[in-house]
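# Observations on chain architecture
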Amino acid sequence: MGVCAPVVNVRLLTNIGRLWTGSEVWSNAAILTHGDQIAWVGPASELPRSLPGVIDDIVDVDDVQNLNGGLVTPGFIDAHSHPVYAGNRWAEIAMRTSGSSPNEIAAAGGGMASTVTVTRGTDPWTLCNGVRNGELADVRLLRSLENEPGMPRVHVTFMAAHTVPPEFFGRRHDYVDAVGSWCADASAAGADSVDVYCEEGRFTEREARWVLGAGRAAGLLPRLHACGQSRTGAATLAAELGCASADLLHEACEEDVIVLATAGVAAVLCPATALQVGKNPPVRSLLDKGAAVALGSDHSPGVNGITSMSLVVSLAIANFGMSVAEALRAATLGGAQALRSPEVGTMAPGRYADIVAWDADHEGAFAWSYGLRPLRVWRGGELVAG
């Protein structure tokens, strides 16, 4: 005979030594959650005796968690990741570390198209449908994973415009048109955004404008991989189109910083990738100009296998010269701004109760630990780890 666990509706997290709210640190704090949202947060000394619509007497909370003076933050947001792929590209990465050029890697069977064989003489519609079905399957997979136990919240970006696949060899314009026509299907499949890799050798500004316009018409938020490998007009285009984010920005200049900050386009920066390419984005200028800055792992088969956002925070501090507070803001509030998701990333009433208690009693540990360990994790008020 099974035993049903009691449903926890109101939970009190108390004895929080340091609480990062998304924008500042509070000492000796407490959090009251109701269902999947934060009902109250503030200094423990100001904890209300009752909260209308939540609880009549604080002593009647369903669950009390003593966090022993530890450090607590909102759940971190990885604002740039490519988690859906098969196989690995380790041999290619080893070649890259030995100084092999992209052309040499491609000639050896590596590169982004390494898992696909160039096919000629096949009916173009068959090839087109194969690519379309694959891209949309990725969207559906990511959206379905969000409901799995212990999984984080997922913001799905449709990014068929990363490179022209071998199936469309010699038919670049056909592929760009096809990607634009798939945006409505991607939205119906669960995508939130559409992204284009706008770089020399990838997609032009004109092509990006077409795809992002089609995506916006389908209800998708526009984004751009911009100035990651070359200085193009991608950042200016992101500002002109009002993109939610411009990502990477290793080759961005001061003019790019100004237009992005003025247009309110979030800059999503990936410190591990910057280390690999040997070029940092203009982080300090972006911060000084008031741009929203977010952080991403850039996890992908051809870049890195990082899945720890606490490691990304540490790398941002060490490699980008960000202060601990700047890096934490980028991993929480900045990520929410990049995703256009105000319901996450901050400790405030009405926001999702996505909360992490860390194995530390001060946020300075992120500058020391390089992969600080979470002790307990709550997603929507429910304990999912720890």
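Higher on the page you've got the structure.
Predicted model, so just to flag it, every value in this text is computed and none were measured. Within every chain, residues take consecutive numbers counted from 1 along the sequence as written. Only residues with pLDDT of at least 70 are given local features in this predicted model, and only at 80 or more are side-chain atom pairs given and counted; all residues enter the totals for whole chains, interfaces and linings. Neither water nor hydrogens contribute to the side-chain values; these are computed over all heavy atoms in the structure.

### Some points on the sheet that holds strand 13 (residues 382–385)
Quick note on the threshold: Pairing between two strands is assigned when DSSP locates at least 2 bridges connecting them. For the purposes of this entry, the term helix denotes a DSSP run of H or I that reaches at least four residues, the term strand denotes a run of E that reaches at least two, and both are numbered from the N terminus. To get an axis, fit a line to the C-alpha atoms, keeping to the stretch in contact for a helix; angles then go from 0 to 180 degrees between the N-to-C directions.
Spatially, 3-2-1-4-11-12-13 is the arrangement adopted by the seven strands of the open sheet, whose pairing is mixed. Each having just a single partner strand, strand 3 (37–43) and strand 13 make up the two edges of the open sheet. Each neighbouring strand pair of the sheet contributes to a mean axis angle of 35°, computed without reference to strand direction. Taken together, the three bridges between strand 12 (residues 374–379) and strand 13 define a ladder with antiparallel strand orientation. Considered in strand 13, the bridge of Val-377 is made with Ala-385.

### Considering the nonpolar core
Rules: Buried residues of nine kinds, namely Ala, Val, Leu, Ile, Met, Phe, Trp, Tyr and Cys, make up a nonpolar core once their side-chain atoms join them within 4.5 Å. Throughout, exposure labels follow a simple rule: accessible area from a 1.4 Å probe, protein chains only, divided by the maximum for the residue type, with under 20% read as buried, over 50% as exposed, and the rest as partly exposed. In what follows, a contact means two residues having at least one pair of non-hydrogen atoms within 4.5 Å.
Among the nonpolar cores identified, the biggest contains 76 residues, and Phe-158, Leu-224, Leu-249, Leu-295, Val-313, Met-322 and Phe-366 are the most heavily contacted of them. With eight residues, helix 4 (residues 172–189) is the largest single contributor of residues to this core. In this structure, Phe-366 is in contact with Leu-71, Phe-76, Ser-310, Val-313, Ser-314, Ile-317, Leu-328, Trp-358 and Leu-372, ignoring residues within four places of it in sequence. One finds Leu-19, Ala-29, Leu-67 and Ala-357 within the second-largest nonpolar core, a separate group that totals 14 residues.

### Structural notes on the side chain of Arg-376
To keep it simple, the criterion reads: When charges are counted, Lys and Arg contribute as positive and Asp and Glu as negative, whereas His and the chain ends are disregarded. Should a side-chain nitrogen of Lys or Arg be within 4 Å of a carboxyl oxygen of Asp or Glu, the pair is scored as a salt bridge. N or O atoms within 3.5 Å of each other form a polar contact, as long as, within protein, one can give a hydrogen and the other can take it, and as long as residues adjacent in sequence are counted only when both atoms are side-chain atoms.
Residue placement: Arg-376 occurs in strand 12. At 7.2 Å, Asp-63 is the nearest oppositely charged side chain to Arg-376, a buried residue that forms no salt bridge. Only 2.4 Å separates the side chain of Arg-376 from the side chain of Gln-65, close enough to count as a polar contact.

### As for the pattern of salt bridges
Inspection of the entire model under this criterion finds 16 salt bridges. As a salt-bridge pair, Glu-240 and Arg-209 come within 2.7 Å of each other at their nearest N and O atoms. Separated by 31 residues along the polypeptide, Glu-240 in helix 6 (residues 234–241) and Arg-209 in helix 5 (residues 205–217) bring together distant segments of the chain. One salt bridge connects Glu-251 with Lys-279, and the closest N-O pair in it is separated by 3.0 Å. Of the two residues, Glu-251 sits in the loop between strand 8 (245–248) and helix 7 (254–263) while Lys-279 sits in the loop between helix 8 (271–277) and helix 9 (283–288), which places them 28 residues apart along the sequence. Residue classification places Lys-279 among the partly exposed residues on the basis of a relative accessible area of 35%. Each of the salt bridges in this network shares a partner with another, and the network as a whole consists of Arg-89, Glu-92 and Arg-96.

### Topic: the pairing of strand 2 (residues 25–34)
Sheet topology note: the strand 1 (residues 10–20)/strand 2 ladder contains eight bridges and is antiparallel. Residue pairing across strands places Val-10 opposite His-34, the latter belonging to strand 2. Turn length for the strand 1-strand 2 hairpin, with the two strands adjacent in sequence and antiparallel, is four residues, and the turn residue Gly-22 shows positive phi of about 120°. Alignment of strand 2 against strand 3, held across six bridges, turns out to be antiparallel. Residue pairing for strand 3: Thr-33 is matched across the bridge by Ile-38.

### A short note on the packing of aromatic side chains
Going by this rule: In this analysis, rings of Phe, Tyr and Trp, with Trp reduced to its six-membered ring, are considered paired at centre separations within 6.5 Å, and the interplanar angle assigns stacked below 30 degrees, edge-to-face beyond 60, and tilted for intermediate values. In this analysis the charged atom, NZ for Lys or CZ for Arg, is taken to sit over a ring once it is within 6 Å of the ring centre and within 35 degrees of the ring normal.
Inspection of the entire model under this criterion finds five aromatic pairs. When the ring of Tyr-175 is compared with that of Trp-182, the centres are 5.9 Å apart and the planes differ by 80°; the resulting orientation is edge-to-face. Neither residue differs from the other here; Tyr-175 and Trp-182 are each classed as buried. Between Trp-358 and Phe-366 the ring centres are 5.1 Å apart and the planes differ by 80°, which places this aromatic pair in the edge-to-face class. Overall, Trp-358 belongs to the buried group, its relative accessible area being 6%. Owing to a relative accessible area of 0%, Phe-366 belongs among the buried residues under this scheme. Each residue in the set Phe-76, Trp-358 and Phe-366 is aromatic and connected to the rest through ring pairs, giving one cluster. Sitting over the face of the ring of Phe-203, Arg-172 holds its NZ or CZ atom 5.3 Å from the ring centroid. Over the ring of Tyr-197 we find Arg-202, and its NZ or CZ is 4.2 Å from the ring centre.

### Quick notes on the environment of Ala-252
Locating Ala-252 in the fold gives a position in the loop between strand 8 and helix 7. Take Ala-252: its relative accessible area is 14%, and that puts it in the buried class. As a C-alpha pair, Ala-252 and Gln-337 span 85 residues in sequence and 20 Å in three-dimensional space. Discounting residues that sit within four places of it in the chain, Ala-252 has contacts with Cys-227 and Pro-282.

Function-wise, these values are silent; they only describe arrangement.
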